[in-house]
Amino acid sequence: MRRYPSPLALSAGGTTIVLVATTGVVWIAMNQGWSVSTIWRVVSTVVDMREAVPRMAIAALFVLGGYLLTRRNPQPTLTRVAAACAATGVLACLYMLVQFELAFSQSFPDGGVSGGWSPGAARAEFLTLPYLAALGQALCGLFASTLLLAIFSFRRVPPVVNG
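Scoring rules and cut-offs
Residues numbered from 1 in each chain as written. Predicted model: local features only at pLDDT ≥ 70, side-chain atom pairs only at ≥ 80, totals over all residues. Heavy atoms only, no water. Helix = DSSP H or I, 4+ residues; strand = E, 2+ residues; numbered from the N terminus. Buried < 20%, exposed > 50% of the residue type's maximum accessible area, 1.4 Å probe, protein only. Contact = heavy atoms within 4.5 Å. Axes fitted to C-alpha atoms, helices over the stretch in contact; angles between N-to-C directions. Parallel < 35°, antiparallel > 145°, perpendicular 65-115°, else oblique. Nonpolar A, V, L, I, M, F, W, Y, C, P; charged D, E, K, R; others polar.

Caption draft 1: Geometry of the environment of Phe 152. Considering the arrangement of structural elements, one finds Phe 152 in helix 5 (residues 121-156). Judged by relative accessible area, which is 7%, Phe 152 ranks as buried. Between the alpha carbons of Phe 152 and Leu 78 there is a distance of 8.4 Å; along the sequence they are 74 residues apart. If sequence neighbours within four positions are ignored, Phe 152 has contacts with Leu 69, Pro 74, Gln 75 and Leu 78.

Caption draft 2: Structural context of the packing of helix 3 (residues 49-69) against helix 4 (residues 75-107). With their axes 9 Å apart at the nearest point, helix 3 and helix 4 run at an angle of 170° to one another. When the axes of helix 3 and helix 4 are compared, the pair comes out roughly antiparallel. Mapping the contact onto sequence places Arg 50, Glu 51, Pro 54, Ala 57, Ile 58, Leu 61, Phe 62, Leu 64, Gly 65, Leu 68 and Leu 69 in helix 3 and Thr 77, Leu 78, Val 81, Ala 84, Cys 85, Thr 88, Gly 89, Ala 92, Tyr 95, Met 96 and Gln 99 in helix 4. Of the residues in the contact of helix 3 with helix 4, the class split is 15 nonpolar, 5 polar and 2 charged.

The following block contains the structure:
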């Protein structure tokens, strides 16, 4: 019989990967001279509804998952809600990244080389903070999923009876 990793392990692994990627982008932003307060404002502030709708959906799913944790047997539904949290965050991140890349390619068709930028410098200058905003979406969804599944797994552990 084939064994698959638990949903908690998958969610925690995804959260770790996105956290490492976010740390790398923060390090790049700090090396470019961005202050920590500016980076925090970009990550925590919602600029438009395209960013707000996925965050509200993740929050609603998280609340639904919290409600399901109070039920007697939430196993099948809670796993689906946690998966929906993770999928919403990751898909919102991918959607935002595609939008940023398309806008950048329209503004700088040659990558900024004709404007005096070295190859990759324009992308690093203009896309670092938008990438942080996109990674924040994925991190929200994956963290909510991991938290729901972790609480559920701790809740399933039977109490120790001294006997």
